[in-house]
Amino acid sequence: MTDQTALWVFGYGSLLWNPGFTPREVVVARLDDWHRSFCMSSIHHRGTPETPGLVLALDRAPGSVCTGLALHAPEEEAEAVIAMLRERELVSSAYIETHQPLALADGRVVEALTYVIDPTHEQYVALDLETQARRIAGAVGGRGPNDEYLFNTAAHLSEMGVHDPDLDWLVARVGALKSGL
């Protein structure tokens, strides 16, 4: 059964730890055929045009599964939440606003507002992990240091019991780079 009356938002990156609103309900959720990836060059929030950082985006990957959080917005705040998310997530046209079916941990299926990468956008990048680590270690944008974004996201995924080998490697490597190793 699908609940299509409520506003659900899928958090897979910074929305895990900074949704910008107080959800009425938070449930671990699965999105099929998408992969969480540092494939978006950040020139606003976690970098600048001169020193771009990287942020996570959902990149289509048939057969993959992305685990995150389904955030149920209070009905009376739905319009304000959508406006806030559009201002935050659509600062450039690199993200596409979509609605995706999420499988919730409790067995429900909901349609959720989900931001995915536009693979034809100039901010879309496919970088090896070492290059990602170096960019993340050195970038700072309007919302702070890029490494803070990485560390917060990885910590919240770990608390959820979500193991992401690429994020684990990046945390270790960025930590080493920041320590001068």
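Everything below is about the structure printed above this text.
Residues numbered from 1 in each chain as written. Predicted model: local features only at pLDDT ≥ 70, side-chain atom pairs only at ≥ 80, totals over all residues. Heavy atoms only, no water.

*Asks:* Where do I start with the state of the cysteines in this structure?
*Replies:* Note: disulfide means a covalent bond formed between the sulfur atoms of two cysteine side chains. Tallying each qualifying case throughout the model produces 0 disulfides. Here Cys-39 stays free of any disulfide, with the sulfur of Cys-66 as its closest cysteine sulfur at 11 Å. (Disulfide = S-S within 2.5 Å.)

*Asks:* Where do I start with the packing of helix α2 (residues 129–138) against helix α4 (residues 165–178) in this structure?
*Replies:* The angle between the axes and the distance between the axes are what describe a pair of packed helices. Contact geometry of α2 with α4 gives a least axis separation of 9 Å together with a crossing angle of 50°. By the angle between their directions, the pair α2 and α4 is classed as oblique. Helix-helix and strand crossings are classified by hand; for α2 and α4 the assignment is right-handed. Taken together, the residues of α4 that come into contact with α2 (itself represented by Leu-129, Glu-130, Gln-132, Ala-133, Arg-134, Ile-136 and Ala-137) are Asp-166, Trp-169, Leu-170, Arg-173, Val-174, Leu-177 and Lys-178. Split by residue class, the contact of α2 with α4 holds 8 nonpolar, 1 polar and 5 charged. (Axes fitted to C-alpha atoms, helices over the stretch in contact; angles between N-to-C directions. Helix = DSSP H or I, 4+ residues; strand = E, 2+ residues; numbered from the N terminus. Parallel < 35°, antiparallel > 145°, perpendicular 65-115°, else oblique. Left-handed = near helix turned anticlockwise from the far one by under 90°. Contact = heavy atoms within 4.5 Å. Nonpolar A, V, L, I, M, F, W, Y, C, P; charged D, E, K, R; others polar.)

*Asks:* Explain the environment of Val-140 to me, please; I cannot follow it from the model alone.
*Replies:* Of note, Val-140 is situated in strand β6 (residues 140–141). For Val-140, a relative accessible area of 49% puts it in the partly exposed group. C-alpha separation for the pair Val-140 and Glu-130, spaced 10 residues apart in sequence, amounts to 18 Å. What Val-140 contacts, discounting residues up to four positions off in sequence, is Arg-46, Gly-47, Thr-48, Pro-145 and Asn-146. (Buried < 20%, exposed > 50% of the residue type's maximum accessible area, 1.4 Å probe, protein only.)

*Asks:* Sorry, what's going on with the packing of aromatic side chains here?
*Replies:* Both the distance between ring centres and the angle between the ring planes are used here to describe each pair of aromatic rings. Enumeration over the complete set of coordinates arrives at 4 aromatic pairs. Taken together, a centroid distance of 6.0 Å and an interplanar angle of 70° make the contact between Phe-38 and Tyr-149 edge-to-face. On the criterion of sequence distance, the pair formed by Phe-38 in strand β2 (residues 25–42) and Tyr-149 in helix α3 (residues 146–159) is long-range, its members being 111 residues apart. Of the two residues examined, Phe-38 and Tyr-149, each falls in the buried class. (Phe/Tyr/Trp six-rings, centres within 6.5 Å; stacked < 30°, edge-to-face > 60°.)

*Asks:* Help me understand the pattern of salt bridges, please; the structure alone is not making it clear to me.
*Replies:* Side-chain pairs of opposite charge can arise whenever the charged atoms involved come near each other. What the rule picks out here adds up to 12 salt bridges. Between Asp-164 and Arg-36 there is a salt bridge; the shortest N-O distance is 3.7 Å. Taken as a pair, Asp-164 in the loop between α3 and α4 and Arg-36 in strand β2 lie far apart in primary sequence, 128 residues in all. The exposure class of Asp-164 is buried, given its relative accessible area of 11%. Measuring nitrogen to oxygen at the nearest pair gives 2.8 Å for the salt bridge that ties Arg-46 to Glu-148. Highlighted residues: Arg-46 in the loop between β2 and β3 (53–72) and Glu-148 in helix α3, separated in sequence by 102 residues. Several salt bridges share partner residues, and in doing so they unite Arg-24, Glu-75 and Glu-76 into one network. (Salt bridge = Lys/Arg side-chain N within 4 Å of Asp/Glu carboxyl O.)

*Asks:* Which parts of the structure should I look at to understand the environment of Asp-118?
*Replies:* With respect to the secondary-structure elements, Asp-118 resides in the loop between β5 (109–117) and α2. Separated by 25 residues in sequence, Asp-118 and Ser-93 have C-alpha atoms that sit 7.9 Å apart. For Asp-118, the contacting residues outside a window of four places in its chain are Ser-93, Ala-94, Ile-96 and Tyr-124. A distance of 2.6 Å separates polar atoms of two side chains, one belonging to Asp-118 and the other to Thr-120. (Polar contact = N/O pair within 3.5 Å; in protein donor to acceptor, adjacent residues only side chain to side chain.)

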